Amino acid sequence: VYAEVMGAGAIICGFNAEEGATFPDNTPEFATAAEHFFSYSTRHGCRVVSPTMEMTKAEIVQAGRDAGTPLDLTWSCYEAGPAPCGVCESCMRQQRALAEAAPGPNSVP
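Below is a summary of the structure that appears in this document. Owing to the predicted nature of the structure, the values given are computational and were not obtained by experimental measurement.

On to the overall build of the chain, then. Within the chain one finds five helices and two strands. When the elements of the chain are put in sequence order from the N terminus, they spell out α-β-α-α-β-α-α. Seen along its three principal axes, the alpha-carbon backbone of the chain occupies a region of about 45 × 30 × 25 Å. The burial tally for the chain puts 28% of its 109 residues in the buried class. Partitioning the contacts of the chain with sequence separation of at least 6, the portion at a separation of at least 24 is 62%. For the chain, the accessible area works out to roughly 7,000 Å², and carbon and sulfur atoms hold 60% of it. Measuring between centres, the 6 positive side-chain charges of the chain sit 3 Å from its 13 negative side-chain charges.

Here it is as structure tokens:
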């Protein structure tokens, strides 16, 4: 595991409740299973940590705005290119989250 080679004791993930309802690899059960797997594939195990796991994307956006995160630099697009495509499911989810969260000083237009 790359994290072990780098001396990391944990892998930090951005799992969230919205995607956990659709994608099994965004659930607490997946994180637990991954930690179990890592106990076999690494010398010291590796924790899987996701502080956003119980949050919706809108809550994550709001927390980012509250922290002063430059959300205009975030990228959720599935497509390669110089800018997000704006039409893939990931882009659409990000746009909905940005619209649902309260406006803040770093709001993405």
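Of the voids in this model, the largest pocket is the one considered here, and its volume is about 340 Å³. Forming the boundary of the largest pocket are 17 residues, of which Lys57, Ile60, Val61, Ser76 and Gln94 lie nearest the centre. If you tally residues by element for the lining of the largest pocket, the top one is helix H4 (residues 57–67), at four residues.

On the surface, a nonpolar cluster with roughly 400 Å² of combined accessible area is contributed by Tyr2, Val5 and Met6. Among the secondary structure elements, Met6 is positioned in the loop between helix H1 (2–5) and strand S1 (10–12).

Another aspect to go through is the nonpolar core. The tendency in soluble globular proteins is for nonpolar side chains to be buried side by side. Core analysis: the largest hydrophobic core is formed by nine residues, namely Ala3, Cys13, Phe15, Ala31, Ala34, Phe38, Cys46, Val48 and Met53. Among the elements that line this core, the one with the most residues is helix H3 (residues 28–41), at three residues. Residues contacting Cys13, with those up to four places away along its chain left out, are Val48, Val49, Ser50, Pro51 and Thr52. Counting five residues, the second-largest nonpolar core is a separate cluster that includes Val61, Leu71, Leu98 and Ala101.

Right, let's get into the environment of Cys13. The residue Cys13 is located in the loop between S1 and helix H2 (17–20) in this model. In this structure, the C-alpha to C-alpha distance between Cys13 and Pro51, residues 38 residues apart in sequence, is 7.8 Å.

About the thresholds
Residues numbered from 1 in each chain as written. Predicted model: local features only at pLDDT ≥ 70, side-chain atom pairs only at ≥ 80, totals over all residues. Heavy atoms only, no water. Helix = DSSP H or I, 4+ residues; strand = E, 2+ residues; numbered from the N terminus. Buried < 20%, exposed > 50% of the residue type's maximum accessible area, 1.4 Å probe, protein only. Contact = heavy atoms within 4.5 Å. Areas by Shrake-Rupley, 256 points an atom, 1.4 Å probe, with all protein chains shown as cover. Lys, Arg positive; Asp, Glu negative; His and termini not counted. Charge placed at Lys NZ, Arg CZ, Asp CG, Glu CD. 1 Å grid on protein atoms, 1.4 Å probe; cavity = no way out; pocket = protein on both sides within 12 Å on 5 of 7 lines; lining within 4 Å. Points joined across faces, edges and corners; volume = space filled by probe spheres on them. Patch = residues over 30% accessible without salt bridge, like charges linked within 9 Å, V, L, I, M, F, W, Y side chains within 5 Å. Salt bridge = Lys/Arg side-chain N within 4 Å of Asp/Glu carboxyl O. Core = buried A, V, L, I, M, F, W, Y, C linked by side-chain atoms within 4.5 Å.

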